[in-house]
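Here is how the chains run, residue by residue.
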Amino acid sequence: MARIVAGVTASHVPAIGAALDLGKTEEPYWRPLFKGFERSKEWMAKTKPDVVIVAYNDHASAFSVEIIPTFALGCAAEFPPADEGWGPRPVPVVKGHPVLAADIAQSVILDGFDLTIVNKMEVDHGLTVPLNLLFGQPKEWPCRFIPLAVNVVMYPPPTGQRCYMLGKAIRKAVESFDEDLKVVIMGTGGMSHQISGPRAGLINREFDTRFLDNLTKDPQALVRIPHLEYVREAGAEAIELVMWLIMRGALDDEVEEVYRFYHVPASNTAVGHIILENKQ
Ligand SMILES: [Fe+2]
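Residues numbered from 1 in each chain as written. Predicted model: local features only at pLDDT ≥ 70, side-chain atom pairs only at ≥ 80, totals over all residues. Heavy atoms only, no water.

Our next topic: the coordination of the iron ion. For the iron ion, the full set of protein donor atoms is His12 (NE2), His59 (NE2) and Glu240 (OE), at a range of 2.0 to 2.2 Å. Positions of the donor residues of the iron ion along the chain correspond to the pattern H-x46-H-x180-E. Within this pair, whereas His59 is found in the loop between strand S2 (51-56) and strand S3 (71-74), its partner Glu240 is found in the loop between helix H9 (227-234) and helix H10 (242-249), the two being separated by 181 residues in sequence. (Donors = N, O, S within 2.8 Å, 3.2 Å for Na, K, Ca; no water. Helix = DSSP H or I, 4+ residues; strand = E, 2+ residues; numbered from the N terminus.)

This is the structure:
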């Protein structure tokens, strides 16, 4: 049987991708950030998942503003990096797991989550930056990925509660899959950030720390946070944090926090990261 062994979250700041692609990781501005993910890469190399499910958001790369699905599951065999204006990032093509993805789609849709099934999709920094942070810059990614694109770019995004319940449904689907697969689930985006307007650059370290604390200890406190509270407390783009609750919903109620890292600033945003393992 396939099983979800751990959950990981990481911000997906595009400037992190640019720093990697342009060889700037050793520059004083960036060094502390990349140093914070050294242990995470070791953990991932040791954990060796077969498949990683990634809840992330597309930034008008795969989906224009003409069509924005709330939850879109990548069921393709591969997902090429998107051209975000400077050519596609020099990262490997992301290989999918169409059989497991189709199984997840079936199980989750029959459980009442009306997913959009996507059979062709390019993936942008929302997915590829966290992959670099956790896997480094290999020639080929070492495992398969199932992208789950979540709308957090146009109002209204899904609620935290809905995301958390989707995580639970995904777990059920994974555990009903016959093949013996080790699965990790990721939530990307966040933490505090406001990209434009008079509050641009807003960072709320207290909110972010409480969010990380509760992600481990009290996710029920997080699923109740209304959209407006994310926006008011941690900036308009902090709404991306609802995607972290998909990850959390797919884990045990009680988890072990293996590692966390928090860093300000990365291009005017707060970078947050946590690794949680199921106990059994
Ligand atoms: Fe984003």
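A few words on the pattern of salt bridges. Inspection of the entire model under this criterion finds 12 salt bridges. A salt bridge links Lys172 to Asp111; the shortest N-O distance between them is 3.0 Å. Here the residue Lys172 occupies a position in helix H6 (residues 160-175), and Asp111 occupies one in the loop between helix H4 (98-110) and strand S6 (116-118), the gap between them amounting to 61 residues. By relative accessible area, Lys172 is classed as partly exposed at 49%. With a shortest N-O distance of 3.3 Å, Arg232 and Glu233 are connected by a salt bridge. For Glu233, a relative accessible area of 29% gives the class partly exposed. When salt bridges that share partners are traced, they join Arg171, Glu175 and Asp252 into one network. (Salt bridge = Lys/Arg side-chain N within 4 Å of Asp/Glu carboxyl O. Buried < 20%, exposed > 50% of the residue type's maximum accessible area, 1.4 Å probe, protein only.)

Our next topic: empty space enclosed by the protein. All chains considered together, the criterion is met by one cavity of 30 Å³ or more. Put simply, the largest cavity is a space of about 60 Å³. In terms of lining, the largest cavity is formed by Asp58, Phe63, Ile68, Pro69, Ala149, Val150, Asn151, Val152 and Val153. The residue inventory of the lining of the largest cavity, partitioned by class, reads seven nonpolar, one polar and one charged. (1 Å grid on protein atoms, 1.4 Å probe; cavity = no way out; pocket = protein on both sides within 12 Å on 5 of 7 lines; lining within 4 Å. Points joined across faces, edges and corners; volume = space filled by probe spheres on them. Nonpolar A, V, L, I, M, F, W, Y, C, P; charged D, E, K, R; others polar.)

Okay, the pairing of S2 next. With six of its six residues buried, S2 lies for the most part within the structure. The alternating pattern of S2 places Val51, Ile53 and Ala55 and Val52, Val54 and Tyr56 on opposite faces, both of which are buried. The pairing of S2 with strand S7 (residues 144-150) spans six bridges and is parallel. From the neighbouring strand, Ala55 faces S7, where its bridge partner is Leu148. One ladder, built from five bridges, connects S2 with strand S8 (residues 182-188); its direction is parallel. Its bridge partner lying in S8, Val51 is registered against Val183. (Pairing = 2+ DSSP bridges.)

The next subject is the environment of Gly201. By the secondary structure assignment, Gly201 is in the loop between S8 and helix H7 (205-217). In this structure the C-alpha to C-alpha distance between Gly201 and Ala270, which are 69 residues apart in sequence, comes to 9.2 Å. Leave out the neighbours within four places in its chain, and Gly201 touches Gln194 and Asn268. (Contact = heavy atoms within 4.5 Å.)

Ile104, Leu148, Ile170, Phe211 and Ile246 are the most contacted members of the largest nonpolar core, which totals 56 residues. If one sorts the elements of this core by residue count, H6 sits on top with seven residues. With residues near it in sequence (within four places) discarded, Ile104 still touches Ile53, Leu73, Ile109, Ile146, Ile170, Ala173 and Val174. One finds Val13, Ile16, Val129 and Tyr259 within the second-largest nonpolar core, a separate group that totals 43 residues. (Core = buried A, V, L, I, M, F, W, Y, C linked by side-chain atoms within 4.5 Å.)

Between Tyr155 and the following residue, Pro156, the backbone shows a cis peptide bond with an omega angle of 0°. Phi is positive for Lys48, which is not a glycine, with a value near 45°. Checked against the element boundaries, Lys48 lands in the loop between helix H3 (38-47) and S2. The exposure class of Lys48 is exposed, given its relative accessible area of 61%.

Under the counting rule described, the total for this entry stands at 10 aromatic pairs. Taken together, a centroid distance of 5.6 Å and an interplanar angle of 85° make the contact between Phe135 and Phe145 edge-to-face. Taken together, the residues span a long stretch of sequence, with Phe135 in helix H5 (residues 125-135) and Phe145 in strand S7 at a distance of 10 residues. For the pair Phe207 and Tyr230, a centre-to-centre distance of 6.1 Å together with 70° between the ring planes defines the contact as edge-to-face. Within this pair, whereas Phe207 is found in helix H7, its partner Tyr230 is found in helix H9, the two being separated by 23 residues in sequence. (Phe/Tyr/Trp six-rings, centres within 6.5 Å; stacked < 30°, edge-to-face > 60°.)

All right, on to the packing of H3 against H5 then. Geometrically, a packed helix pair is captured by the angle between its two axes and the distance between the axes. Where H3 contacts H5, the two axes come as close as 7 Å, and the packing angle between them is 80°. Relative to H5, the element H3 lies roughly perpendicular. The segment H3 lies against H5, with Ser40, Lys41 and Met44 engaging Asn132, Leu133, Leu134 and Phe135. Here the residues of the contact of H3 with H5 are counted per class, giving four nonpolar, two polar and one charged. (Axes fitted to C-alpha atoms, helices over the stretch in contact; angles between N-to-C directions. Parallel < 35°, antiparallel > 145°, perpendicular 65-115°, else oblique.)

These figures capture arrangement, not role.
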